[in-house]
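Results of the structural survey
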Amino acid sequence: MNFLMKAMRWMSGRYGTDDFSRFLMIAGLAASVLTMVFRIPLLSIMGLFFVTYAVMRGLSRDHSRRLKENQWFQKKKYKVTQTYYRWKNKLQQRKVYRYYKCPSCKQKLRVPKGKKKIKITCPNCSAQFVKQT
Ligand SMILES: [Zn+2]
């Protein structure tokens, strides 16, 4: 039996890589690179931990647990990317629109800029308030 066959047999039934493992690998490598620049020992330990955890996940045979971890990661990733795109959108539109919060229901409202004083009607609760745009 050659080496490749042995390696394939050894890896069969193991979890392999997923999005969470890739993230851990990249985070671990980034922490290692940052350690070389800033020389913070804690960062080095964190990097080593992330890479070790990613490898251990890949070699694990407990698929259901690894899938749960990956689902948890996907939820967090979704939240972060949604927040990022919301902020990016807001930043791109800041010259054209102005954002206010409704004083009664706290709904976020977007109004066109440069209209001077306008009466804003909340589409959620119909409350009206005057603002300078
Ligand atoms: Zn409202």
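The structure contained in this document is the topic of the report that follows. (Residues numbered from 1 in each chain as written. Predicted model: local features only at pLDDT ≥ 70, side-chain atom pairs only at ≥ 80, totals over all residues. Heavy atoms only, no water.)

**Structural notes on the environment of Gln107**
Heads up, the rule is: Strands are runs of DSSP state E lasting at least two residues, helices are runs of H or I lasting at least four, and both sets are numbered from the N terminus onward. Residue contacts follow a heavy-atom distance rule, with two residues in contact if any of their heavy atoms lie within 4.5 Å.
Following the sequence through the fold, Gln107 ends up in the loop between β1 (97-101) and β2 (108-112). As a C-alpha pair, Gln107 and Cys122 span 15 residues in sequence and 7.7 Å in three-dimensional space. Leaving out residues up to four positions away in the same chain, Gln107 has contacts with Tyr100, Lys101, Cys102, Cys122 and Asn124.

**A closer look at helix α3 (residues 41-59)**
Note the threshold: Multiplying 1.5 Å by the helix residue count minus one yields the expected span of that helix. For every residue, the accessible area obtained with a 1.4 Å probe (protein chains only) is divided by the maximum for its type, and the residue is called buried under 20%, exposed over 50%, and partly exposed between those limits. The directions from the helix axis to the C-beta atoms form the arc being described.
Look at α3: 27 Å from first C-alpha to last across 19 residues, which is about the 27 Å you get at 1.5 Å a residue. Residues Leu43, Gly47, Ala54, Arg57 and Gly58 constitute the buried set of α3. Around the axis of α3, the buried residues are gathered within 105° of arc, so they sit on the same side. Exposed side of α3, more than 90 degrees from the buried face: Pro41, Leu42, Ile45, Leu48, Phe49 and Met56 are the residues found there.

**What to know about the coordination of the zinc ion**
Stated formally: Excluding water, the donors of a metal are its N, O and S neighbours within 2.8 Å, or within 3.2 Å for Na, K and Ca, and that exclusion means sites may look incomplete. Donor angles set the geometry label: tetrahedral for four donors if every angle is between 85 and 135 degrees, square planar for four and octahedral for six if opposite donors exceed 155 degrees and the others are between 65 and 115, irregular for anything else.
Distances from the zinc ion to its protein donors, Cys102 (SG), Cys105 (SG), Cys122 (SG) and Cys125 (SG), fall within 2.2 to 2.3 Å. Given four donor atoms and angles of 107 to 111° at the metal, the environment of the zinc ion is assigned as tetrahedral. Spacing between the donor residues of the zinc ion along the chain follows C-x2-C-x16-C-x2-C.

**Here's the deal with a nonpolar patch on the surface**
Our working definition: Patches draw on residues past 30% relative accessible area with no salt bridge. Two like charges within 9 Å are joined, as are two nonpolar side chains (Val, Leu, Ile, Met, Phe, Trp, Tyr) within 5 Å. Accessibility throughout is a Shrake-Rupley quantity obtained with a 1.4 Å probe, and a residue counts as covered only by protein chains that appear here. The salt bridge criterion pairs a side-chain nitrogen of Lys or Arg with a carboxyl oxygen of Asp or Glu, the two atoms within 4 Å.
On the surface, a cluster of nonpolar side chains totalling about 790 Å² of accessible area is made up of Val33, Leu34, Met36, Val37, Phe38, Ile40, Leu42 and Met46. Taken together, the elements giving at least two residues each to the nonpolar patch come down to α2 (19-38) and α3. Sorting elements by how many residues they give to the nonpolar patch places α2 first, with five residues. A relative accessible area of 57% means that Leu42 is categorised as exposed.

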